[in-house]
Amino acid sequence: MKLPGVTTWQDWSPLMTDPSPWEEALHHISEKTGLRFGDVEPGFPGNCAVFEIKPGGKDPGYFIKIFPPMDRSSFSKEVSILELLRGKPLAPVLLGQGTLRGENDFPYLVTQTVPGHAIRDCRPVLPEGEALKIAARLGLAVRDLHALPLKEFKALPKDEKSWTLFIKKRKEDCVLELSKDGLLSPSLLDQIHSVIGTVDPLPSRLPPRLLHADITEDHVYLDEVRGSWKLSGLIDFADAEIGD
């Protein structure tokens, strides 16, 4: 099977929304998962190459998410979390997983298409006041996510020390990441650095919680049913953490 050559994030970037280098791989994954192939629609840019496959007819669509070889840990994490969330409202249904073998190995997972559309595409047609109702429903959904029992979940560390180290590393890295984006002025970056430098995680008095950690307009899905808008999905758990 012909697979793209990838050694750096720069190599990876153009592959995330272009299905042409993945054509043979997408057919292979569909066949291996027992799903009918169809039209291919690229997903939103992120860290992974995501493609929606639309077989047409009565066959439901599905997403194929291919992870870069530099980030296998995110793949393992997301698969474990989708297994934990199996059968839960709003969670994507995991249909399959595996690895494309070649000069580079590309982990992948397959999930059932979430009904509706990402909220970023729904905003122009949402009735006035509907966004606030959706935000309230999303708050309830996140509360339910945080209430999930994690006693048997082993994929992520659950101790307070690990969470404290994670927060410390984010403090060290975030200003550098923001400066690379080039969107903020040096003076504003200095202010952010000054504020963040004074913040330390407080000792937690609560049990560890599953945190999505990437709730954006790309990952919240809405569906319109008989004129009423409802939450239909919360996707992409590759950045999830367990913390406070």
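Further up the page is the structure itself.
Values in this document were obtained by computation on a predicted structure and should not be read as measured data.

**Focus: the overall build of the protein**
No. 1: Tallying secondary structure elements over the protein gives seven helices and 10 strands in all.
No. 2: The globule rule puts the C-alpha radius of gyration for 244 residues at 18 Å, and the 20 Å found for the protein is close to it.
No. 3: Principal axes of the C-alpha set define a box for the protein whose edges measure 55 × 50 × 45 Å.
No. 4: Sorting the 244 residues of the protein into buried and exposed places 38% on the buried side.
No. 5: Split by element, the accessible area of the protein, about 14300 Å² in all, is 54% carbon and sulfur.

**Some remarks on the pattern of salt bridges**
No. 1: Enumeration according to the criterion identifies 14 salt bridges in this entry.
No. 2: Here Arg143 and Asp144 are joined by a salt bridge, their closest N and O atoms 3.7 Å apart.
No. 3: Overall, the relative accessible area of 52% leaves Arg143 in the exposed class.
No. 4: Under the relative-accessibility criterion, Asp144 is labelled partly exposed at 45%.
No. 5: Note that Asp173 and Lys169 form a salt bridge whose closest N and O atoms lie 2.6 Å from each other. Separated by four residues within a single helix, Asp173 and Lys169 lie in helix H6 (residues 160–181), roughly one turn from each other.
No. 6: Owing to a relative accessible area of 19%, Asp173 belongs among the buried residues under this scheme.
No. 7: A relative accessible area of 47% places Lys169 in the partly exposed class.

**Overview of the sheet that holds strand S9 (residues 228–234)**
Sheets are built from strands that pair by backbone hydrogen bonding, the pairs being arranged parallel or antiparallel.
No. 1: Strand order in the open sheet formed by three strands is S6-S8-S9, with antiparallel pairing between adjacent strands. Each edge of the open sheet carries a strand with a single partner, namely strand S6 (117–118) and S9.
No. 2: As paired elements, S6 and strand S8 (residues 220–225) share two bridges and run antiparallel to each other. Residue His117 lies in a different strand from S8, and its bridge partner there is Leu222.
No. 3: Seen against the sheet, helix H5 (residues 130–146) touches S8 and S9 and runs at an angle of roughly 35° to S9.

**Considering the sheet that holds strand S4 (residues 94–100)**
No. 1: Taken together, five strands build an open sheet; the order of strands is S1-S2-S3-S5-S4 and the sheet is antiparallel. A single partner strand is all that each edge strand has here, and the edge strands are strand S1 (39–42) and S4. Strand-to-strand twist across the sheet, computed as the mean angle between neighbouring axes with direction ignored, equals 20°.
No. 2: Across five bridges, the pairing between strand S2 (residues 49–54) and strand S3 (residues 62–66) is antiparallel. From the neighbouring strand, Phe51 faces S3, where its bridge partner is Ile64.

**Section: the packing of aromatic side chains**
The relation between two aromatic rings is expressed through the spacing of the ring centres and the mutual angle of the planes.
No. 1: Enumeration over the complete set of coordinates arrives at five aromatic pairs.
No. 2: Ring centres of Trp163 and Phe166 lie 5.3 Å apart, and the angle between their planes is 25°; this geometry places the pair in the stacked category. Taken together, the positions of Trp163 and Phe166, both in helix H6 and three residues apart, correspond to about one turn of that helix.
No. 3: Residue Trp163 is classed as buried on the basis of its relative accessible area, which comes to 16%.
No. 4: Using a relative accessible area of 28% as the deciding quantity, one classes Phe166 as partly exposed.
No. 5: Three or more aromatic residues joined by ring pairs make a cluster, and in this case those are Trp12, Trp22 and Phe106.

**Describing the side chain of Ser232**
No. 1: Of note, Ser232 is situated in strand S9.
No. 2: Apart from the residues lying within four places of it in its own chain, the contact partners of Ser232 are Leu90, Val114, Pro115, Gly116, Tyr221, Leu222 and Asp223.

**What to know about the nonpolar core**
No. 1: Membership of the largest hydrophobic core comes to 38 residues, with the highest contact counts inside it found for Ile81, Leu210, Leu222 and Phe237.
No. 2: Looking at this core, the elements that each hand over two or more residues are helix H3 (72–84), helix H4 (119–122), H5, S8 and S9.
No. 3: Examining the composition of this core, we find that five residues originate from one element, H5, more than from any other.
No. 4: By size, the runner-up hydrophobic cluster in this structure holds 19 residues, among which are Phe51, Ile53, Ile66 and Phe106.

Rules behind the numbers
- Residues numbered from 1 in each chain as written.
- Predicted model: local features only at pLDDT ≥ 70, side-chain atom pairs only at ≥ 80, totals over all residues.
- Heavy atoms only, no water.
- Helix = DSSP H or I, 4+ residues; strand = E, 2+ residues; numbered from the N terminus.
- Rg over C-alpha atoms; globule rule 2.2 N^0.38 Å.
- Buried < 20%, exposed > 50% of the residue type's maximum accessible area, 1.4 Å probe, protein only.
- Areas by Shrake-Rupley, 256 points an atom, 1.4 Å probe, with all protein chains shown as cover.
- Salt bridge = Lys/Arg side-chain N within 4 Å of Asp/Glu carboxyl O.
- Pairing = 2+ DSSP bridges.
- Contact = heavy atoms within 4.5 Å.
- Axes fitted to C-alpha atoms, helices over the stretch in contact; angles between N-to-C directions.
- Phe/Tyr/Trp six-rings, centres within 6.5 Å; stacked < 30°, edge-to-face > 60°.
- Core = buried A, V, L, I, M, F, W, Y, C linked by side-chain atoms within 4.5 Å.

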